[in-house]
Amino acid sequence: MRVIRGIGGPHPPTVLTIGNFDGVHRGHQVLLRLVRERADEAHAQAAALTFEPHPREFFAPQAAPPRLSSLREKLLALADSALDRLHVLRFDSRLARLGAEEFIETLLVRGLNVQHLVIGDDFRFGARRSGGLAELLEAGERFGFTVEPVPEVRIDGLRVSSSLIRTLVAEGKLEQAARLLGRPYSIEGRVMHGEKLGRALGFPTANIPLSARRLAPPGVYVCAVTGLAAPPLPAVANIGLRPTVGGLTPRLEVHLLDWSGECYGRRVCVAFFHKLREERKFADLDALRAQIGEDVVHARQWHRHHGAAFPLTEDHP
């Protein structure tokens, strides 16, 4: 997949889908499969258009929801969709002012040479979200492209959406979130040096900084780590401030159950399967050590009984 910052071009005839694709969940995956299929049928290129930053981060950064995936994670997930091109368009004041008609003519027709457009049936675009399916269908007749609206995807009776998945992850309903995502919720990052408190307690951890934009609800989780060895390594992780030791910055700390070695500087992916408990402050380090020991026991039990239901590959996500 070729990643293009902006529109670029000129481009061959293109089958396109448009979206923010946060999490690249199973609803997004339906759109992406259709794009590939329609492109093959038309002997055209398959492409997607996404925005960075998310429009809600541009208009109201303090109120914007946390992301399910970083830009890098999103690009990796989209690359698995067999697209020919991914266009990452900077969302700025100029784009925010672009009206629906100009969006279609400038970006879709002249810029991307769209022959067929695959969109969710609730897709909105243009300044003040003024454009929708009706405007696209009318423009398609004038400019010679076709539009294929795709109904919402429902799983377990729920409409698959990034906002619902955020809610499920935040509530610790990771199994349900995984069904909507099509894979376990995960966080990727580079292992950094910490205070080595975990090692002193007998439970060494890989410390991964957290972006302020990333969805990382506090708690203790059963997880697995890819990027260090194959197959993925079972682990237990804590997300939070570490109140027992007066931590001030949220951090992801991962204790690998059956692996030891130096991993500083390595990029890893932590997949979350099950929430064990909330993060809490303990009276002293002995009490914290005892609780971590219990967490490790429970994580091992969970992996023995449920791990096979959550297969991962080394290149997850």
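Conventions and cut-offs
Residues numbered from 1 in each chain as written. Predicted model: local features only at pLDDT ≥ 70, side-chain atom pairs only at ≥ 80, totals over all residues. Heavy atoms only, no water. Helix = DSSP H or I, 4+ residues; strand = E, 2+ residues; numbered from the N terminus. Rg over C-alpha atoms; globule rule 2.2 N^0.38 Å. Buried < 20%, exposed > 50% of the residue type's maximum accessible area, 1.4 Å probe, protein only. Core = buried A, V, L, I, M, F, W, Y, C linked by side-chain atoms within 4.5 Å. Contact = heavy atoms within 4.5 Å. Pairing = 2+ DSSP bridges. pLDDT = per-residue confidence, 0-100. Axes fitted to C-alpha atoms, helices over the stretch in contact; angles between N-to-C directions. Phe/Tyr/Trp six-rings, centres within 6.5 Å; stacked < 30°, edge-to-face > 60°.

(A) Representation of the overall build of the chain in the model. Check the secondary structure of the chain and you find ten helices and 14 strands. For the chain, the C-alpha radius of gyration of 22 Å lies close to 20 Å, the compact-globule estimate for 317 residues. The principal-axis extent of the C-alpha atoms belonging to the chain is close to 70 × 40 × 35 Å. Per-residue burial over the chain gives 51% buried out of 317 residues.

(B) Up close: the nonpolar core. In terms of nonpolar packing, the biggest core is built from 32 residues, with Y185, V225, L252, V254, V270 and F272 touching the most fellow members. Those elements that place two or more of their residues in this core are α7 (162-170), α8 (174-181), β9 (185-190), β10 (206-209), β11 (219-226), β12 (233-240), β13 (251-256) and β14 (267-277). Not counting chain neighbours up to four residues away, the residues in contact with V270 comprise Y185, S186, I187, I208, C223, A224, V225, L252 and V254. Residues L89, A100, F145 and V147 belong to the second largest nonpolar core, which totals 26 residues.

(C) Region of the structure containing the pairing of β11. For β11, the tally of buried residues reaches eight of eight residues, placing the bulk of the element in the interior. In β11, alternate side chains face the same way, and those of G219, Y221, C223 and V225 on one face and V220, V222, A224 and T226 on the other are all buried. In textbook terms, the turn of a hairpin is the stretch between consecutive antiparallel strands, and for β11 and β12 this stretch comprises six residues, one of which, G227, has a positive phi near 110 degrees. Looking at chain direction, β11 and β14 are connected through seven bridges and run antiparallel. The residue bridging V222 from the neighbouring strand is H274, located in β14.

(D) Looking closely at the confidence of the model for the chain. On average, residues of the chain score 91 in pLDDT, and 95% of them reach the 70 mark or higher. Confidence, read as mean pLDDT per element, is least for helix α9 (residues 197-201) in the chain (72) and greatest for strand β2 (residues 14-18) (98).

(E) Local environment of the sheet that holds strand β3 (residues 45-52). If you walk across this open sheet you meet the six strands as β1-β4-β3-β2-β5-β6, and the pairing is parallel. Strands at the two margins of the open sheet, each flanked by one partner only, are β1 (2-5) and β6 (146-150). On average, each strand axis in the sheet is tilted by 25 degrees relative to the strand beside it, whichever way the strands run. Where strand β5 (residues 114-120) lies against β6, five bridges are found, and the strand directions are parallel. Bridge pairing links L117 to V147 in β6.

(F) Structural context of the packing of aromatic side chains. Inspection of every chain in the model, using the stated rule, returns nine aromatic pairs. Their ring planes at 80 degrees and their centres at 5.2 Å tell us that F58 and F59 sit as a pair that is edge-to-face. For F59, a relative accessible area of 56% corresponds to the exposed category. Ring geometry for F123 and F125: centres 5.6 Å apart, planes at 15 degrees, overall stacked.

(G) Layout of the sheet that holds β10. Spatially, six strands are ordered β9-β14-β11-β12-β13-β10 in an open sheet, and the strand pairing comes out antiparallel. Both edges of this open sheet fall to β9 and β10, since each of them pairs with a single strand only. Across the sheet, the mean angle separating the axes of adjacent strands is 35 degrees when strand polarity is ignored. Alignment of β11 against β12, held across seven bridges, turns out to be antiparallel. Residue pairing in the sheet places A224 in a bridge with P234 of β12. Running at roughly 120 degrees to β9, helix α3 (residues 71-79) makes contact with β9 and β14 of the sheet.

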